[in-house]
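Letter by letter, the chains look like this.
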Amino acid sequence: MLGIFPSILLAGGFQLNEHGSKPMGLGGAFTGIVNDASAVYWNGAGLSFLEGTNFLLGTAIIGPNTSFRGVAPEIDKSNMVSQVFVPPHFFASHKISKEFAVGLGVSVPFGLGTKWETDWIGRYLAVETELQTFSIPLVVSYAIMENLSISVGGSYSFANVTIAQANSQTPFVGDAFIHLEGDDKSAFGYNAGIMWKPTKETSIGASFRSEVKYSFEGTATTEGAEQLSALLPSGNISADLSTPMNIQVGLGYRVIEQLQLSADFQWVGWSSYDKLAVDFEDEAYDDISRPRDYEDTYAIRFGAEYFLNNQFSFLGGIYFDKMPVKPEYVSPSLPDADRLGFSIGVDAKIFENFGVCGSYLFIRSSELTVTNSREIYTPYEEGNEDSAPKFNGTYNSYANLVSLSVYYSFNIGKE
Amino acid sequence: MRKILFACLIFTGLVLFFSACEDYNDLTAPAPIDFGSADFSRFVSIGNSLTMAEQSQSVFESSQKYSFGKLIADLVSTTYEQAIFSDPGTGDRLEIKSLDLANGVVEIVENPEQGSPTNLNYPAPYNNLGIKGAFLKDVLNARDATTCYTNNLPPPLNIYNTPNPLFDAVLRGLGTQMELAMAQQPTLVTLWIGNNDILAFATRGGLFPITDPQTSFAPDYNTILNNLENVGAQVVMANIPDVKNIPFFKTVGPGIGLKLQENQIPGMVYQTTSGIGQATVNDLCSLNVLVLLTGSSAASLIGDVTGAYYSLNGIPVPPNVNTAYPFGLAAENPWPNNLILDPTEMSIVDQIVAAYNGIINAEATARNFAVVDIHELLNQIGEPGGIVVDGITFSSEFILGNTYSLDGVHPTTQGYGLVANAFIETINEKYGASIPLINVASLPGSLILEGVSMGKYGIPNIPHGALDNVIF
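Every value quoted in this text rests on a predicted model; they were computed, and no experiment measured them. (Residues numbered from 1 in each chain as written. Chains lettered and ligands numbered in written order. Predicted model: local features only at pLDDT ≥ 70, side-chain atom pairs only at ≥ 80, totals over all residues.)

Enquirer: Before we go on, may I ask you to explain the overall build of chain A in this structure?
Expert: Of regular secondary structure, chain A possesses two helices and 21 strands. Compactness check: chain A gives a C-alpha radius of gyration of 23 Å against a globular reference of 22 Å for 415 residues, within 12% of the reference. Looking at chain A residue by residue over its 415 residues, the buried ones come to 53%. Considering only intrachain contacts with a sequence separation of at least 6, the fraction spanning at least 24 residues in chain A is 70%. (Helix = DSSP H or I, 4+ residues; strand = E, 2+ residues; numbered from the N terminus. Rg over C-alpha atoms; globule rule 2.2 N^0.38 Å. Buried ≥ 20, exposed ≤ 12 C-beta atoms within 10 Å, placed from the backbone. Contact = placed C-beta atoms within 7 Å.)

What follows is the structure, given as structure tokens:
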């Protein structure tokens, strides 16, 4: 009678590619260029081409917006609650010798969240969903030749997740509210990269970032009618979740002295995510297992940097990000869709060793109308899934992102 | 420096440009509903508590806004005013105080609070003329609390002991249900009446007069339909359900059966109008006799030799009863007549219901009006396993069956959704309309949690007297 029907936890939309203002300004087409300390994230092999010691500190400010219209055939509109996310980034690199360079960073590779009103039509599917991962990568780069380098690295990650949703108390009056919270204080991943500059104008890079397996431990709490407290799930929970591996191949080409073009192909191994499962320690409560059936996906990215002079350059980028989830599994906890991103930015090297970079990215999701949803948005009993009403409707999403980084280098020109 | 400013300006401009991009394609609004030849422009309901949306023994706003008439009116976007009573409504609302489903224990209490009418000053007759406690003849005759049928019966049959105030609240001195319906020049009327004319007999264990099908029911029903036909209204009638499908009659008996079986007692002994009856464990469990929900608290006293049933409830011990014998197990101390519907009474109920429904069907056929077969709907729900609609299983199980509220008689909000859908299906068929059905799963749960002890054996613990006034 009572059960929790939580929904998706993360998706393509939870991968963040905003690690540094410059990569963001270039639409994320950066793997083949990596000419600042954010190479620690994008492609560690690029560190061999950075001289001296470099620091880069900044943050992105992300404002996502989503509306849902439905449930079909109705077209009533519900808007997601506005939220702003501020994932920071910090990278440092140091060239040890002619061959070796090391780099360290802090960034948020997966994150974001969605929040809907507690009385909205999809409240039994999602009210609040939030995931934050922090990753601290450490990378060593080795220059095999003057124009060819490779890198390997490891990363330590920690994460926390919150899922809250309403739960119908049918046939009893009112809704209960379920809150799941968990964290994993240590998860590990690894990465590798390669960078080759065959000509003065051309650079080619590739990088690999591994899957990271998180084992969340946490608690479930439920606010509901006192009389139903024995039925409402609570207590310790555990959940496993893997963030997908990424393979990214990029190309940079200096068309003329003032103009550098770049392109990236990013492959994301989302097929690792086939179900969302939450286990309750207390056997009185049914464990949750919901099929997600994600598919591997990709993004294609293009960027351009125009150097006005030694101090200023302008950035522009565009990308297409293919949704990893089939429409029937799309849930309001993560309203995924194919996305187009348009970015612009300015890089200002104010002093010889200090600069500021700012960029803006607008992400527009293609309108997604789901007609064969498998998400059930009303209370139902096990076995009655076929006749239960499904969450069909139309999602529209867009996001505004602003990123600001400062960078500082020293020992410039020492060699 | 100028260049920096220039760059900032362009940047700001572009940010604003993209931020404004909140466009999307227009979605096609759902096609307007095809009403066929049905005309909802002046929509009126005549009925009893089922039309008024009584639940858990009270009529209250959070139920009334999902009355079957209101659900239909909202679907077809027509005016539908009702006599609304703020929560907890007209009084004695049953609420769940505690619930232990693992052990099958539920405790139900009556809410002592009352709500108040919120729109007594509505300047026209209500569209929903349903009145809790209305009998068929009340539609034509009752003008107020004092002229309703039950107020003019001799004690103890005058059900409310006081005049039924809901006649005043709905009619407001403006006329009878019939007159107020006619005054609205209705285009479409739902008519679901006559339930009380037999169920008052059934819910009181056979101790209540029955409206005679031929001499009373048929002529009154005929008059009502003549009047409605004369004003040109389309009339959609609903028939009378089988009492055996209602938790009020199905819950306690099987519980007592289990209890007796566990204690190796072959059966119980009960008082009938003409003498003493006996029910075996099998009779109780197979519903060959129907122990009423009003007997739930007495069920725990079966076998008692202290006369507790009478002393606890302040009931004088009847002259033929010797309380030194085990309560409900001996002919000297039988289970009270008003708490059981014996096989003779059950067959009377069956015959009367069949006669009423025969009259309703014949009238409908003669006038080309539609009949909603609620009788069949509740039969299906009463089958083992019930029916599944929109993911929810509806059965006649008390509390967990999703269909019936805590009084065991009136539907839940989702149950009223099923009733509304039955009306819509009939209207669609009769008038060539294609009104979409209501998604009943999207209607809220409505069993109020406050404060039933569903004792062991699945017998709820309802305070003695709590359901004495149960009536449609």
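Enquirer: Where do I start with the packing of helix α8 (residues 195-203) of chain B against helix α15 (residues 343-367) of chain B in this structure?
Expert: Packed helices, taken two at a time, are described by the angle between their axes plus the distance between the axes. Residues and elements named next belong to chain B. Packing of α8 against α15 leaves a shortest axis separation of 10 Å and a crossing angle of 170 degrees. Here α8 lies roughly antiparallel to α15, going by the angle between them. Of the residues in α15, those in contact with Ile198, Phe201 and Ala202 of α8 are Val349, Ile352, Val353 and Tyr356. Looking at the contact of α8 with α15, its residues break down into seven nonpolar, no polar and no charged. (Axes fitted to C-alpha atoms, helices over the stretch in contact; angles between N-to-C directions. Parallel < 35°, antiparallel > 145°, perpendicular 65-115°, else oblique. Nonpolar A, V, L, I, M, F, W, Y, C, P; charged D, E, K, R; others polar.)

Enquirer: Help me understand the packing of helix α9 (residues 213-230) of chain B against α15(B) in this model?
Expert: Residue and element names in this part refer to chain B. The geometry of α9 relative to α15 is characterised by a closest axis approach of 10 Å and an angle of 30 degrees between their N-to-C directions. Of the possible angle classes, the one that applies to α9 and α15 is roughly parallel. Where α9 crosses over α15, the handedness of that crossing is right-handed. Residues Pro213, Phe217, Ala218, Tyr221, Asn222, Leu225 and Glu229 of α9 form the contact with α15, whose participating residues are Ile352, Ala355, Tyr356, Ile359, Ile360, Glu363 and Arg367. (Left-handed = near helix turned anticlockwise from the far one by under 90°.)

Enquirer: Which parts of the structure should I look at to understand helix α16 (residues 374-382) of chain B?
Expert: In an α-helix, one turn spans 3.6 residues, which is why side chains three or four residues apart end up on the same side. All names here are of chain B. Those residues of α16 that sit buried are Ile374, Leu377, Leu378, Ile381 and Gly382. Taken around the axis of α16, the buried residues stretch over an arc of 135 degrees, which confines them to a single face. Contacts from the buried residues of α16 go to β5 (234-238), β10 (370-372), β11 (387-389), β12 (392-394) and α17 (413-431). (Arc of directions from axis to C-beta.)

Enquirer: Help me understand the nonpolar core in this model?
Expert: Generally speaking, a soluble globular protein has its nonpolar side chains buried in company with each other. Counting residues in each nonpolar core, the largest one holds 167 residues, and the members touching the most others are Met237(B) and Leu292(B). Counting residues domain by domain, this core receives three or more from each of domain 1 (43-242 + 344-458) and domain 2 (249-341) of chain B. Discounting residues that sit within four places of it in the chain, Met237(B) has contacts with Leu191(B), Ile360(B), Ala364(B), Phe369(B), Val371(B) and Val372(B). Listed in part, the 35 residues of the second largest apolar core include Leu26(A), Ala45(A), Ala60(A) and Ile62(A). (Core = buried A, V, L, I, M, F, W, Y, C linked by C-beta atoms within 7 Å. Domains from an automatic or database assignment.)

Enquirer: Even after reading the chapter, I still don't get the domain arrangement of chain B, so can you show me in this structure?
Expert: Interface extent is often summarised as the accessible area lost during association of the parts. Residues and elements named next belong to chain B. On domain assignment, one finds that chain B holds domain 1 (43-242 + 344-458) and domain 2 (249-341). Contacts between domain 1 and domain 2 engage 14 residues on the former and 15 residues on the latter. Put simply, the parts of the chain that give the side of domain 1 that touches domain 2 at least two residues each are α8 and α15. Its residues placed into classes, the side of domain 1 that touches domain 2 shows five nonpolar, seven polar and two charged.

Enquirer: What's the story with the sheet that holds β10(B) in this structure? I'm lost.
Expert: What holds strands together in a sheet is hydrogen bonding between their backbones, with the strands either parallel or antiparallel. Residues and elements named next belong to chain B. What the four strands build is an open sheet, ordered β1-β4-β5-β10; its pairing is parallel. Only two strands of the sheet have a single neighbouring strand rather than two, namely β1 (43-47) and β10. Going from strand to strand, the sheet's axes swing by 20 degrees on average, the running direction of each strand aside. As paired elements, β5 and β10 share three bridges and run parallel to each other. Counterpart to methionine 237 in the pairing with β10 is valine 371. (Pairing = 2+ DSSP bridges.)

Enquirer: How do you make sense of the pairing of strand β7 (residues 148-168) of chain A when you look at a structure like this?
Expert: Residues in a regular strand point their side chains to alternate faces of the sheet. All names here are of chain A. Two strands pair when backbone bridges link them, and strand β6 (residues 128-145) and β7 are joined in this way by 17 bridges, in the antiparallel orientation. What sits directly across from glutamate 128, in β7, is alanine 164. Between β6 and β7, which follow one another and run antiparallel, lie two residues. Here β7 runs beside strand β8 (residues 175-196); their pairing, made up of 20 bridges, is antiparallel. The residue of β8 that forms the bridge with alanine 159 is aspartate 184. Where β7 hands over to β8, the hairpin turn is made up of six residues, of which glycine 174 adopts a positive phi near 90 degrees.

Enquirer: Help me out: how do you make sense of α9(B) in this one?
Expert: Residues and elements named next belong to chain B. In a regular helix each residue adds 1.5 Å, so 18 residues correspond to 26 Å; α9 covers 24 Å between its end C-alpha atoms and thus fits that length. All of the buried residues along α9 are Pro213, Phe217, Asp220, Tyr221, Ile224, Leu225 and Leu228. Down the axis of α9, the buried side of the element spans an arc of 130 degrees, and every buried residue falls inside it. Structural note: α9 exposes Gln214, Thr215, Asn226 and Asn230 on the side pointing more than 90 degrees away from its buried face. On the buried face of α9, the contacting elements are α5 (136-141), α7 (177-183), β4 (188-192), α8, β5 and α15. Remark: glycine 232 follows α9 within two positions and exhibits a positive phi of approximately 80 degrees. (Expected span 1.5 Å × (residues − 1).)

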